[in-house]
Amino acid sequence: MATVESTFHKFRPVCVSVLNQPSVDNLRQLHQLIQSVKKEDIKTLAEYVIFPLRVILVKYNYEGTKFCDKKVLEAALDCAILAFSKVYIVKFDILKDFITQLCLTINPSNNSKAKTKDKPGVYEEIKVKVIECIRCITNATDPKIWKMLYSEDVIPVMGHLISSLLLLIEKEKLIKLRIAAIECLLQISSLTEDEDVKTPYSDVNKPQKSISIALSVFIPGISTTLGKVIVDTVNHYQNVAVTAIRALSLFISFTMHNDFLPMEAQDISLSTFYEIINNNSSKDKQLPVNLQQNNRTLSHPKRDIEWFKTTSSKLKILLSQIAQFTSCPNFKIRLALAKFSTRLLFTCIRSLKESIVVLMEILVALSYDEYDEIRNYCQEKLALLPEYFNKQPGISQ
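The written sequence of each chain sets the order in which its residues are numbered from 1. The model is predicted, so local features are restricted to residues of pLDDT at least 70 and side-chain atom pairs to those at 80 or more, both for listing and for counting; the totals for chains, interfaces and linings are taken over all residues. Side-chain metrics rest on all non-hydrogen atoms present in the structure, leaving aside hydrogens and water.

Participant: How do you make sense of the overall build of the protein chain when you look at a structure like this?
Facilitator: Numbering of helices and strands starts at the N terminus; helices are DSSP runs of H or I of at least 4 residues and strands are runs of E of at least 2. Of the regular secondary structure elements, the protein chain holds 18 helices and 2 strands. Throughout this description, buried means an accessible area under 20% of the type-specific maximum (1.4 Å probe, protein chains only), exposed means over 50%, and partly exposed covers the range between. Residues classed as buried in the protein chain amount to 53% of the 397 residues present. For accessible areas, the Shrake-Rupley method is used with a probe of radius 1.4 Å. Any residue's cover is judged against the shown protein chains and nothing else. Counting only carbon and sulfur atoms, one obtains 51% of the accessible surface of the protein chain, whose full area is about 18,600 Å².

Participant: What's the story with the pattern of salt bridges in this structure? I'm lost.
Facilitator: Throughout this description, the term salt bridge denotes a Lys or Arg side-chain nitrogen within 4 Å of a carboxyl oxygen of Asp or Glu. Following the criterion strictly, the structure yields 12 salt bridges and no others. Note that E125 and K70 form a salt bridge whose closest N and O atoms lie 3.4 Å from each other. Remark: K70 occurs in helix α5 (residues 70–84) and E125 occurs in helix α7 (residues 124–140); sequence separation between them is 55 residues. Between R334 and E370 there is a salt bridge, and its shortest N-O distance comes to 3.9 Å. Of this pair, R334 sits in helix α16 (residues 331–347) while E370 is found in the loop between α17 (356–366) and α18 (372–390), placing the two residues 36 residues apart along the sequence. Overlapping salt bridges, with partners in common, bring together E170, K228 and D232 in one network.

Participant: Hey, could you run me through helix α9 (residues 155–171) in this one?
Facilitator: Because each turn of an α-helix spans 3.6 residues, side chains separated by three or four positions end up pointing in the same direction. To estimate the expected span of a helix, count its residues, drop one, and scale the result by 1.5 Å. Here α9 is 17 residues long and its end C-alpha atoms lie 24 Å apart, about the 24 Å a rise of 1.5 Å per residue gives. Burial analysis of α9 places 12 of its 17 residues in the buried class, which makes it a mostly covered element. Three or more residues of α9 are buried, namely I155, V157, M158, G159, H160, L161, I162, S164, L165, L166, L168 and I169.

Participant: Could you clarify how one ought to interpret the packing of helix α1 (residues 4–20) against helix α4 (residues 46–63) in this entry?
Facilitator: Two numbers describe a pair of packed helices, the interaxial angle and the distance between the axes. Note on definitions: angles span 0 to 180 degrees between N-to-C directions of axes, and those axes are lines fitted to C-alpha atoms, for helices only across the stretch in contact. For the pair α1 and α4, interaxial distance at closest approach is 9 Å and the crossing angle is 5°. With respect to their mutual orientation, α1 and α4 come out roughly parallel. Judged by residue contacts, F8, F11, R12, C15, V16, V18 and L19 of α1 engage Y48, V49, F51, P52, V55 and I56 from α4. Any angle from 65 to 115 degrees is called roughly perpendicular, while one under 35 is roughly parallel, one over 145 is roughly antiparallel, and all others are oblique. Contacts between residues were defined by any pair of non-hydrogen atoms, one from each residue, lying within 4.5 Å.

Participant: Could you clarify how one ought to interpret the side chain of S320 in this entry?
Facilitator: Within the secondary structure layout, S320 lies in helix α15 (residues 305–323). Any pair of N or O atoms that falls within 3.5 Å is considered a polar contact. Within protein, one atom must be able to donate a hydrogen and the other to accept it, and sequence-neighbouring residues count only if both atoms are side-chain atoms. A polar atom in the side chain of S320 sits 2.8 Å from the backbone oxygen of K316.

Participant: How do you make sense of the environment of F260 when you look at a structure like this?
Facilitator: Here F260 lies in the loop between α13 (238–255) and β1 (268–269). F260 sits 47 residues away from I213 along the chain, and the two C-alpha atoms are 8.9 Å apart.

Participant: Explanation requested: the packing of α4 against helix α6 (residues 92–106) in the structure shown.
Facilitator: Two numbers describe how α4 lies on α6: the axes approach to 10 Å, and their chain directions differ by 35°. The chirality of how α4 crosses α6 is left-handed. Where α4 abuts α6, its residues E47, I50, L53, R54, L57, V58 and N61 lie against I94, D97, F98, Q101, L102, L104 and T105. Of the residues that constitute the contact of α4 with α6, the class distribution is 8 nonpolar, 3 polar and 3 charged. A clockwise turn of the near helix away from the far one marks a right-handed crossing, whereas an anticlockwise turn of less than a right angle marks a left-handed crossing. Polar here means any residue other than Ala, Val, Leu, Ile, Met, Phe, Trp, Tyr, Cys and Pro, which are nonpolar, and Asp, Glu, Lys and Arg, which are charged; Gly is therefore polar.

Participant: Is there a simple way to explain the side chain of R303 in this structure?
Facilitator: As for its placement among the helices and strands, R303 is situated in the loop between α14 (270–279) and α15. It turns out R303 is buried and unbridged, and the closest side chain with the opposite charge, D304, is 8.9 Å from it. At 2.8 Å, the side chain of R303 and the side chain of S216 are in polar contact. Within the structure, R303 has its side chain in polar contact with the backbone oxygen of T255 (distance 2.7 Å). Not counting chain neighbours up to four residues away, the residues in contact with R303 comprise S212, I213, S216, T255, F260, P262 and F308. The sign given to each residue is positive for Lys and Arg and negative for Asp and Glu; His and the chain ends receive no count.

Participant: Before we go on, may I ask you to explain the packing of aromatic side chains in this structure?
Facilitator: Given two aromatic rings, one states the distance between the centres and the angle between the planes to describe the pair. In summary, the pairing rule links any two rings of Phe, Tyr or Trp, Trp by its six-membered ring, whose centres are within 6.5 Å, and it sorts them by plane angle into stacked for under 30 degrees, edge-to-face for over 60 and tilted for everything else. One pass over the full model with this rule turns up 5 aromatic pairs. With 5.0 Å between their ring centres and 80° between their planes, F84 and F98 make a pair best called edge-to-face. Taken together, the residues span a long stretch of sequence, with F84 in helix α5 and F98 in helix α6 at a distance of 14 residues. Under the relative-accessibility criterion, F84 is labelled buried at 2%. The class for F98 is buried, based on a relative accessible area of 2%. Only when the NZ atom of a Lys or the CZ atom of an Arg is both within 6 Å of the ring centre and within 35 degrees of the ring normal do we say a charge sits over the ring. The residue whose ring lies beneath K70 is Y123, and the NZ or CZ to ring-centre distance is 4.6 Å.

Participant: In this structure, what is going on with the nonpolar core? I would like to understand it.
Facilitator: Nonpolar side chains tend to gather and get buried jointly when the protein is soluble and globular. In terms of nonpolar packing, the biggest core is built from 129 residues, with F11, F84, F98, I137 and I188 touching the most fellow members. The leading source of residues in this core is α5, at 11 residues. Discounting residues that sit within four places of it in the chain, I188 has contacts with I134, T138, W146, Y150, M158, L161, I162 and L165. Residues belong to one nonpolar core when they are buried, are Ala, Val, Leu, Ile, Met, Phe, Trp, Tyr or Cys, and are joined through side-chain atoms within 4.5 Å.

Participant: For this particular structure, what's the right way to read the confidence of the model for the protein chain?
Facilitator: Any residue range with low pLDDT should be treated as having predicted coordinates unsuitable for detailed reading. Across the protein chain, pLDDT averages 84, with 81% of residues at or above 70. When the criterion is pLDDT under 50, residues 281–296 qualifies, and its contacts beyond four places in sequence or with other chains add up to 34 contacts. One confidence number per residue, pLDDT, is output by the predictor and ranges from 0 to 100.

Participant: Mind showing me how you'd approach the environment of V4 here?
Facilitator: Within the element layout of this structure, V4 appears in helix α1. Sequence-wise, V4 and L45 are 41 residues apart; in three dimensions their C-alpha atoms are separated by 7.8 Å. Excluding anything up to four places from it in sequence, V4 contacts T44 and L45.

The structure is reproduced here in structure tokens:
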């Protein structure tokens, strides 16, 4: 293991060269040096190595092509991606500042100080690299430090990041980029695919509840965008639609989970469940409602009973629109919808009471699917649902 001093002496002249002359050659030299140094040797020099890359982003975001061209910016992002795969971020200021600069790079319209006339449209290659860099930063950051992004006083930073990703998800033409942006959105939100959709949050993992509360402020924008993307891509870009369906189920499940309901709203009788199924039908065939809210004054919502009722009511229209695609000819879409419905029924059956019929109709319709995998999956979940529901706390006959 090299000493900190010897490693510093290797990086110093290269970092100085990048600062004084941010060229592709100098950045390539820095990239090779980062690649050659072991993780344990570069950890203590994280700030020093990242600093010249941050300066390049700041100057590019302000001066545009007058400062550097696309190739230099790409080379700087390549260095950042590699650097963040080897360092460990333990200072919040580094995280916040770099995330902010990356957002400005892919969404320059949010930068009031930028000289937009010298800044052309952002290239797709740059956007792909920025997303990859964000994901590397997420992996490189101490979880306790990353969680600070969810605190109320820095909500604008997380809001900037989420809105930048949503813009890519909704507007970009490159399929690879849209899918990467959705996966990045899930990663920064600490959401992963968990096959056991019945895992409780409240007692097992209390930190998750605080993140769920923080994400609630963004659920209107996230739901609206993902819903629109599903509707727009389901017949033409199925890979995007499938990814969006999975992401939407994870976001709704995480923010509307039964375990996060106020205690007085927990109870629901088994007879009420069957009454809802028997006496209602999902006739809401409207386009997804605009769930957006005023983001000028962001703050954590008070998640009382009224908040859950209002959010559930708005989500019902969105879920009804998505449910119409059970007849989509693409089997991947239908399988994604089956899993979408299952996740919400097994995690949000109390908080989404108004949507039980919609979600059940998806499973029932697909339980007759021509594909064995889809048909068997739905029949299995339908058979498990009453037993699962009956075992939940607060259930009365």
